[in-house]
Amino acid sequence: MKEKMIKVGISVGDINGVGLEIILKTFEEHQILELCTPIIFASNKLVSFQRKHFNITTNFQGIDTLNAAIDGKLNVLNCWKETPTVAFGQETEEGGRYAFLSLQKAVEALKNNEIDVLVTAPINKNNIQSDEFHFPGHTDYLAQQLEGNSLMFMVSEDLKVGLMTDHIPLKEVATTITEELMMQKARLMNESLIKDFRLQRPKIAVLGINPHCGDKGVIGKEDEDVLRPALKKLYFDENILVFGPFAADSFFGSQAYRNYDAVLAPYHDQGLIAFKTLAFGSGVNYTAGLNKVRTSPDHGTAYEIAGKGIADPESFRHAIFMAIDIFRNREEYVELTKNPLKIRTLELDKEK
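Residues numbered from 1 in each chain as written. Predicted model: local features only at pLDDT ≥ 70, side-chain atom pairs only at ≥ 80, totals over all residues. Heavy atoms only, no water.

What follows deals with the overall build of the protein. When helices and strands are counted, the protein shows 11 helices and 12 strands. Taken over C-alpha atoms, the radius of gyration comes to 21 Å for the protein, in line with the 20 Å a tight globule of 352 residues would show. By its C-alpha atoms, the protein is 60 × 50 × 35 Å across when sized along the principal axes. Looking at the 352 residues of the protein, the share that counts as buried comes to 53%. Restricting to contacts in the protein with at least 6 residues of sequence separation, those with at least 24 account for 74%. Accessible surface for the protein amounts to roughly 16400 Å². Of this, 49% is attributable to carbon and sulfur atoms. (Helix = DSSP H or I, 4+ residues; strand = E, 2+ residues; numbered from the N terminus. Rg over C-alpha atoms; globule rule 2.2 N^0.38 Å. Buried < 20%, exposed > 50% of the residue type's maximum accessible area, 1.4 Å probe, protein only. Contact = heavy atoms within 4.5 Å. Areas by Shrake-Rupley, 256 points an atom, 1.4 Å probe, with all protein chains shown as cover.)

This is the structure:
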């Protein structure tokens, strides 16, 4: 029996960035259309303009309703009639307005089950701000719109890094991280690794908040007073395989991360500098913990190269593939948990 074609909704991000370029380049590979039915939330005019500008051969089908999406084709849902001005590399109010309109329409379709997964092209976190969007990024907006608690999870084949805090000022990190928050994020990561990535007993490494994990209180007490008690409760009371805290400065360079299935970092740069150094271009930003699947490339709007035709679509391509894989894995998990015997059989098969 042929598998159902997954409907992949795509928001275009900032129209002055590299979003549409990497989207159109991704679907130059026609084989991807055998795996999913992609739907870009934009307009025929905008996509046609960028297609012509970049001399990209990708064909698309304009549609006015989601029901009209055609399998085996790249579909463009007309979300507006006007023609926005594209000013590559510039931060404009108009660019932010249409980025939000595309995202808003795509999230609405996701909530209504009219698409199966969402892949978002990069936004500019400044010009997208409005009365309707007052968030530091996609993750926080989606956490409000969808059911569940969100975890910013950067994922590649060899490295997975999640964050206890994401887009907050550094001066607020230590006061934001509580025992409860750390445990919540660790639970979300553990659950995602099981349901979304098919790992039966994932091992999670937790990085320290302070240099050298505080050196037993000499350089701050947060690691001793917050992280260690939380780790003990998770490990002994909830049977979650969490380890640490580990000093962040040597954890990645020493290759220690290879001993674990994922790493939980207290703050944005601590985790993402390492991730983007080791996996930039092949990584994916995944919003774990929600009732819907959303992925994104691991880079931003890249204004400095926008319009030049040199943007690399590899990360966006990985985001498409990962969204499809996670959707399938979640379906399989739901099916397996209906019959515990199937889970045990699967575990035995993997041990062989």
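With respect to topology, 12 strands assemble into an open sheet ordered β3-β4-β2-β1-β5-β12-β11-β6-β7-β10-β8-β9, the strand pairing being mixed. Each end of this open sheet is capped by a strand with a single partner; those strands are β3 (61-63) and β9 (241-246). Direction aside, neighbouring strands of the sheet carry axes that sit 25° apart on average. Of the pairings in the sheet, the one linking strand β8 (residues 203-207) to strand β10 (residues 262-265) comprises three bridges and is parallel in character. (Pairing = 2+ DSSP bridges. Axes fitted to C-alpha atoms, helices over the stretch in contact; angles between N-to-C directions.)

The residue I305 is located in the loop between β12 (293-297) and α10 (314-337) in this model. Overall, the relative accessible area of 24% leaves I305 in the partly exposed class. Setting aside chain neighbours within four positions, we find I305 in contact with V18, I310 and A311.

A few words now on the pattern of salt bridges. Side chains that carry opposite charge are capable of pairing whenever their charged atoms lie near each other. Enumeration over the complete set of coordinates arrives at 11 salt bridges. Between K195 and E191 there is a salt bridge, with the nearest N and O atoms lying 2.7 Å from each other. Within this pair, K195 and its partner E191 are both found in helix α6 (residues 179-195), separated by four residues, close to a single helical turn. Exposure remark for E191: the relative accessible area of 36% places this residue in the partly exposed category. Where D196 meets R330, a salt bridge forms, and the shortest distance between an N and an O atom there is 2.7 Å. (Salt bridge = Lys/Arg side-chain N within 4 Å of Asp/Glu carboxyl O.)

A few words now on helix α1 (residues 19-26). In terms of residue burial, α1 counts as a mostly covered element, since eight of its eight residues are buried. Turning to α1, its buried residues number three or more, namely G19, L20, E21, I22, I23, L24, K25 and T26. Of the surrounding elements, those touching the buried residues of α1 are β1 (6-11), β2 (36-42), α2 (44-54), β12 and α10.

What follows covers the side chain of Q270. When you line up the elements, Q270 lands in helix α9 (residues 268-279). In this structure Q270 touches L207, G208, I209, A248, F252 and A265, once residues within four positions along its chain are discounted.

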